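Per-entry structural report
For reference, the chains in residue letters:
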Amino acid sequence: MRIALIGGAGYVGTRLAQRLALVGGIEAIAVLRSYHGLSQLSRFGVPYRLGDASNLKSLAEAIEGCDAVVNLTMGNNGRILPDAKVIWEACRIKAVPLFIHLSSGAVHGRAAQPNLSDDSPPEHGLLDYYARAKARTETWLREQIGKGGPRIVALRPVLIWGPGSGWVTRPAAALLAGNACLVDEGKGICNLIYIDNLMECIFAVARSEGKAEGIFNVSDKEETTWRKYYLALAQAMGLEEPHLHYIKESDFHEPLANQIQVILEHPVAKKVKSVIPKDIKKGVKAWLGGLVAKPRPAERLILPCPQMDYVTWWIQTTRCKLPTAKFNNAYGNGIAYISFEEAMARTAAWMQFAGFCAA
Amino acid sequence: MPQEKNIGIIGCGAVVEECYAGILRKFERQHWVRVVALCDPQVTRRERLQRIFPRARGYARHEEMFQGERIDLTIVASPPTFHLPQVLCALEHESYVFCEKPMTSTAAAAEQLVLAARSLPHRVAVGMPRRFYPSFVEIARLVKEEAFGDQITFCFRDGVPVQWPSASDNLFQREKAGGGVLLDRGSHILDQLLMIFGAPKVLSCHDDSLAGGVEANVVMTLSFPHASGVMQASWESIFNNGLSIRGQDLEAFLDLQDIGAYRLRKANGPWKEIVARQSWPAEVFGTSPRQMQPKDYGECFYLQLVAMLRAMTCGDPIPVEAEDGLTVIRCLEEGYRIAQPLQFGWLDKQEQEAIIKRHWRGKQLCA
C-alpha cells in the first residue's frame, strides 16, 4: 500500500513519515510544495515528490499510483477549501480510491451545544476564520460523498499533543516561567489527541477497505480537564509546586492587539497585505511597535505574572469532550490507543530533551 | 565624498536574495557601495538578482568576473564546497572577501584558505551575524572578567523549524551539502560559544540522520579551557531556546528572541533582566559614525556588512576572522567524524532500534 502525505513536512506529516520510514508496513510518499520541507524529512530518506495543492496538474502527477492521499496542508485559511477541492479532484482523475482529510474539532467552537454529535452542524457565527474555513470544507466534502470520486474520510482532532507539539511547548514554557494561567480553575475540557493516537487513526483508515465515509471526531480515550493537563505537564517537568494563576472566565477581556489581529486575518485584509512590499510592512510594524512600546528599565527583577491570550482563554472554556463513538465503531477495532499517562511519560522524555524540565 | 566600493557577488541563491540584496540596495542609495558583478552558473538566478541590481554584469564563472571587473569586496555565497577556489581567486585579484558560513566544506580547505589569507594584504571575513547580538557580547565580556567564578557549565539550545526558501534539494543531500542542522545552525552556535569561551574541543556528537539524509537534530558536548557544556540544534521542533551559563558566583540566561537583554542572578538569588548597551557603527564612512543597537537578526546582518566595509575603509577590525571560521569548521568536522545515533526516549523500542541500525555513520563505517 502506498500513501501520499500532502503537506507532509508539518507536525503530523513528519511523525507519519518517521513512523513509516522506521517501521514500514505502508509506503509513504511526501508531497511537498517546496524543497524546504526536506529539512524535516530528508533524515528519514522518505521519497518525495513536488506538488502544489493549488495546482491540479502538479498535484495529480504527484499522487499518481497512490492508494490513499492524506491532506495535511496548513497555512493560509483562504486556501483550506480550494486545496481540498483540488486534492479531491486529483484523486478522482488519478483514480486514487481514498481521500483522508484532516479537519478540526474547532468547527464546534467550545463544544457548547447540547448532545453534540459528529454530524452536528458547526456553529458558524461563533467561529474564527480558520474554523469557518474548516467547516465550509467539511460541508463541501459531505456534498461530494456518493458522487463517484474517492472515498472521503475526514478526521476531526482538536488539540494534537505530544513531543514537539505547540500544545506542549507553550504551556511548558509558561509553567517554567511561572506565568501559566487557568480559567475557572481549569475545569474546562481539554480535547486532546496524542500524536501517535492520531497517527494510528489515520493508518486504521488507510488500511480499511470499503468502510464508512464521512466526518469523524477523533480523540484520546480519556476525558481530561485543563487543570489535570497542566498539573500532569508540571509533574513531568519536575516542577513540584507549579506556580499556577487562576482567572474567572468573565474576567478576561479581549485585548486590543487581538482585535486588530482578527481584522488583519480577514481575507480582504490578507489580500491587501500580500501586495504591500516587505520593507514597507516591516517599517509600519516597527513604527506601530514604537508607538505602543513602553520604555524598558535598564535593570528589573523578573517576577512571575499571569499571562493569558485570547486563544488560550477561548480553548480553556471548552465545555464537552467531542464524542468519538462513530469513529471507534467504524475504524476503532484494533487501534491500541496510548493512555494519557503513557503519552505524558513519552512527552516528558521529549521535554527533558528540549530543555523544558526544571534544572 | 569617499569613493563607493565595488561589490562582486559569487553565488546568486536564496541567501543573497533573502539576506544581502535589501541591505546592499540601501548601501547603494547611501553611495557606500556599488554592486558591479553577479556570478552564478545558473542564468535564471543571475537574472533574478540583476532585476534588483540592474547595473551589475552577470558572469557564469568567477575567473571571468575578476578579469572583467575591479572588485573591492567579494561576497562569496555559493555552496561551501566551491568557496576555497573562489576566495583564493578573489584574494589574488586584490579583493577583500566576505565569505558565507561555513567558510569551507573541510578543515583542510579552511587551513589552506587561512594560510593564503595570511600571506596576502587583503583580508577574509566569515559571515556570522550573531556576533552582533548585544546580549552575547556583554556576556562574553562578563566571562572574560571572570564574573561567573569557577566551574562554568552551559547549555545552548536552538530549535526552530526551518523556513528557508531553498531553490533545490542540494541542502538536504549529505553528499552535496555535507550535513544538515549542525552545519547550518551549529556553525552559528559554535561561533557564538567561541566568542564567549574561546576554542572548543568536541567530546561527543549525536544526530538523527539515517543513511542518505541529513540530520534535523544534533546534540554535541563540548569542553573549553574554563567551561564545558552541551549545544543542541533542531530544524524540527521549538525548544526552550537560549544559552544558559552557570558558574559558582553567577548564572545567566540569554534568550535568542530578545537579543537586547539578558537575565542574571547571583547564587540562587532572584533573576534580574539587564538591558544590553552594546552598539556598533551604522555608517561606513567617518570617524564618529551614528551608533546602532540591533533588535533582530536582519539588523545584525546589516551591521556586520557595515563593519566589513569599515574594516576596508577605516581600518576597523575585521568582524569575524578566517581563523575563527577555521576553528568552527574543525569542530563541525570532528562532530561528523564521531557522530552517533541520537536516542529518542519518546519513541517505541522498535523505532529506536531502527534509528540505531540505520544511522548514517554506521552505514558509512560498514561501507
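Up top you'll find the structure we're talking about.
A brief report on the enclosed structure follows. (Residues numbered from 1 in each chain as written. Chains lettered and ligands numbered in written order. Predicted model: local features only at pLDDT ≥ 70, side-chain atom pairs only at ≥ 80, totals over all residues. Heavy atoms only, no water.)

Let us now look at a nonpolar patch on the surface. All names here are of chain A. Taken together, the side chains of V268, V272, V275, I276, I280, V284, W287, L288, L291 and V292 make up a nonpolar region of the molecular surface, amounting to roughly 990 Å² of accessible area. If you list the elements that add at least two residues to the nonpolar patch, you get α10 (267-275) and α11 (278-292). For the nonpolar patch, the element with the most residues is α11, which contributes 6 residues. Residue position: I280 is located in helix α11. The class for I280 is partly exposed, based on a relative accessible area of 48%. (Patch = residues over 30% accessible without salt bridge, like charges linked within 9 Å, V, L, I, M, F, W, Y side chains within 5 Å. Areas by Shrake-Rupley, 256 points an atom, 1.4 Å probe, with all protein chains shown as cover. Salt bridge = Lys/Arg side-chain N within 4 Å of Asp/Glu carboxyl O. Helix = DSSP H or I, 4+ residues; strand = E, 2+ residues; numbered from the N terminus. Buried < 20%, exposed > 50% of the residue type's maximum accessible area, 1.4 Å probe, protein only.)

All right, on to the packing of helix α4 (residues 83-92) of chain B against helix α5 (residues 107-119) of chain B then. All names here are of chain B. With their axes 10 Å apart at the nearest point, α4 and α5 run at an angle of 5° to one another. Considering the angle they form, α4 stands roughly parallel to α5. Two secondary-structure elements touch here, α4 through L84, V87, L88 and L91 and α5 through A109, Q112, L113, A116 and A117. Grouping the constituent residues of the contact of α4 with α5 by class yields 8 nonpolar, 1 polar and no charged. (Axes fitted to C-alpha atoms, helices over the stretch in contact; angles between N-to-C directions. Parallel < 35°, antiparallel > 145°, perpendicular 65-115°, else oblique. Contact = heavy atoms within 4.5 Å. Nonpolar A, V, L, I, M, F, W, Y, C, P; charged D, E, K, R; others polar.)

Time to look at the interface of chain B and chain A. When the parts come together, some accessible area is lost, and that loss is often what is quoted as the size of the interface. Taken together, the 49 residues of chain B in the interface contact 38 residues of chain A. Regarding the contact of chain B and chain A, the summed buried area is about 3900 Å², with carbon and sulfur atoms giving 53% of it. Together, E273, W346 and E351 of chain B form the three largest contributors to the area buried by chain B at its contact with chain A, with a combined 19%. Summed over the shared surface of chain B and chain A, the number is 9 salt bridges. A salt bridge links R15 of chain A to E351 of chain B; its shortest N-O distance comes to 2.9 Å. For the interface between chain B and chain A, the tally reads 21 residue pairs in polar contact (both at pLDDT 80 or more). Counting residues per element, the ones that place at least two in the side of chain B that touches chain A are β9 (217-224), β13 (261-266), β14 (272-275) and α11 (349-357) of chain B. Classifying every residue of the side of chain B that touches chain A by side-chain character gives 22 nonpolar, 11 polar and 16 charged. In this sheet, β14 of chain B lies alongside strand β12 (residues 299-301) of chain A in antiparallel orientation, the contact comprising 3 bridges. (Buried area = accessible area lost by both parts, 1.4 Å probe. Polar contact = N/O pair within 3.5 Å; in protein donor to acceptor, adjacent residues only side chain to side chain. Pairing = 2+ DSSP bridges.)

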